[in-house]
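# Examining the three-dimensional arrangement
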Amino acid sequence: LELDLIRHCTEITSFAHVFTMKNTKPGMMEYQSESLFRHFTYYNFGARNVGYTNICGCGPSAAVLHYGHAGAPNDRQIQDGEIMLNDMGAEYFCYGSDVTCSFPVSSNGKFTPNQIVVYEGVLSAQRKVIDMLKPGVSWVDCHKAAEGEILKALIELDIILLNSKTVEELVELRLGAVFMPHGLGHLIGIDTHDVGGYLPGHPPRIMQPGLKSLRTARIAEENMTITIEPGCYFIKHLINEALKEGSEFIPYINEKVLDGYRQFGGVRLEDVVVVTKDGCDNYTLCPRTVNEVELVLSGGKWPPMKDDDLTLKRTRLTGSALPMPASMPF
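Here is a short report on the structure shown in this document.

What counts, and where the lines are drawn
Residues numbered from 1 in each chain as written. Predicted model: local features only at pLDDT ≥ 70, side-chain atom pairs only at ≥ 80, totals over all residues. Heavy atoms only, no water. Axes fitted to C-alpha atoms, helices over the stretch in contact; angles between N-to-C directions. Helix = DSSP H or I, 4+ residues; strand = E, 2+ residues; numbered from the N terminus. Parallel < 35°, antiparallel > 145°, perpendicular 65-115°, else oblique. Left-handed = near helix turned anticlockwise from the far one by under 90°. Contact = heavy atoms within 4.5 Å. Nonpolar A, V, L, I, M, F, W, Y, C, P; charged D, E, K, R; others polar. Disulfide = S-S within 2.5 Å. Pairing = 2+ DSSP bridges. 1 Å grid on protein atoms, 1.4 Å probe; cavity = no way out; pocket = protein on both sides within 12 Å on 5 of 7 lines; lining within 4 Å. Points joined across faces, edges and corners; volume = space filled by probe spheres on them.

Turning next to the packing of helix α3 (residues 113–132) against helix α4 (residues 139–156). For the pair α3 and α4, interaxial distance at closest approach is 8 Å and the crossing angle is 155 degrees. For the element pair α3 / α4, the angle class is roughly antiparallel. In this structure, the crossing between α3 and α4 has a hand that is right-handed. Two secondary-structure elements touch here, α3 through V117, G121, V122, S124, A125, K128, V129 and M132 and α4 through W139, D141, C142, A145, A146, E149, I150, A153 and E156. By residue class, the composition of the contact of α3 with α4 is eleven nonpolar, two polar and four charged.

The structure is reproduced here in structure tokens:
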């Protein structure tokens, strides 16, 4: 029953994200995007509360990891061509969800070429973790695998330079933490960041950049519900720290190219999954590929008739038993 509640909460959260994506336009305020989500989940499904303070950040605001708090209450105006990062989750019968979508808010509803590379890097990280997650797998190894995929995207953009190193060596150098300083995800259930991350007899916290921010270092077990939320951000103070005199990262960063991304913000994709006996099941039913996102932004139907990315393991995406929303008043 608990897993059913978490699945239901995540599915209605997914539909609300789609509604919000379709109706967020340049010139709106970030809090208007948040209000679309909150109204949709309550009006259609009776989910009166959200599981946490919603994050709706556009442009450089998307690089603030826990944006949306009282000091920065989703109050920036959305500019044409910016990436919007919406981290929002409904709460239903005291169980919560936690889903993040990133998408372009532009007059043409399309990503720019550079936005695609960053976005695809984060999506590749998500696919990598979904593929490897099963009982017995280390969450720390999952985090490092995600970092590697993001670094590959930054190499493609010429922001990161290998300089005779392998991607795996750059991961161990902790270069990935400059661009993904948070942990890969967290246990979820009654609390958004649920308990049980660090327990006696389980792996301890690793005090290294990025890894110290992991909310758990546990070995995956069947029926664990956990979020997979890789991200790539251009955070000014982390960039400045990585480039200051004496930094071990300087040989591997193309400062001239990186400077052009200081106002980019960031991309995060977050799905709620449950670990199964031989893999995982993805409860999140949001558009994820570039084609899916652009389809939704153009007014296309969602959920689709066909799942074009089976690697994401969205087993109910095209199912007939989905909780379908009622007609909206606007």
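Right, picking up where we left off after that structure.
The next subject is the state of the cysteines. For the structure on display, the rule yields zero disulfides. With no disulfide of its own, C56 lies 9.6 Å from the sulfur of C58, the closest cysteine sulfur. For C94, which is in no disulfide, the shortest distance to another cysteine sulfur is to C9 and amounts to 11 Å.

Turning to the sheet that holds strand β4 (residues 90–92), a few remarks are in order. Taken in spatial order, the three strands of this open sheet run β1-β4-β5, and their pairing is antiparallel. Each end of this open sheet is capped by a strand with a single partner; those strands are β1 (49–50) and β5 (95–96). Where β1 meets β4, two bridges bridge the pair, whose relative direction is antiparallel. Of the residues in β4, the one forming a bridge with N49 is E91.

What follows is about the layout of surface pockets. Rolled over the atoms, a probe as big as a water molecule pinpoints where empty space is left. A volume near 340 Å³ is recorded for the largest pocket. In terms of residue class, the lining of the largest pocket is built from five nonpolar, eleven polar and six charged. Approximately 260 Å³ is the volume found for the second largest pocket. Of all the secondary-structure elements, those providing two or more residues to the lining of the second largest pocket are α6 (176–179) and α7 (236–243). Here the lining of the second largest pocket takes three residues from α7, the largest share from any one element. Class assignment for the residues of the lining of the second largest pocket results in eight nonpolar, three polar and five charged.

Note that every value here comes from positions in space, so none of it alone points to a role or purpose.
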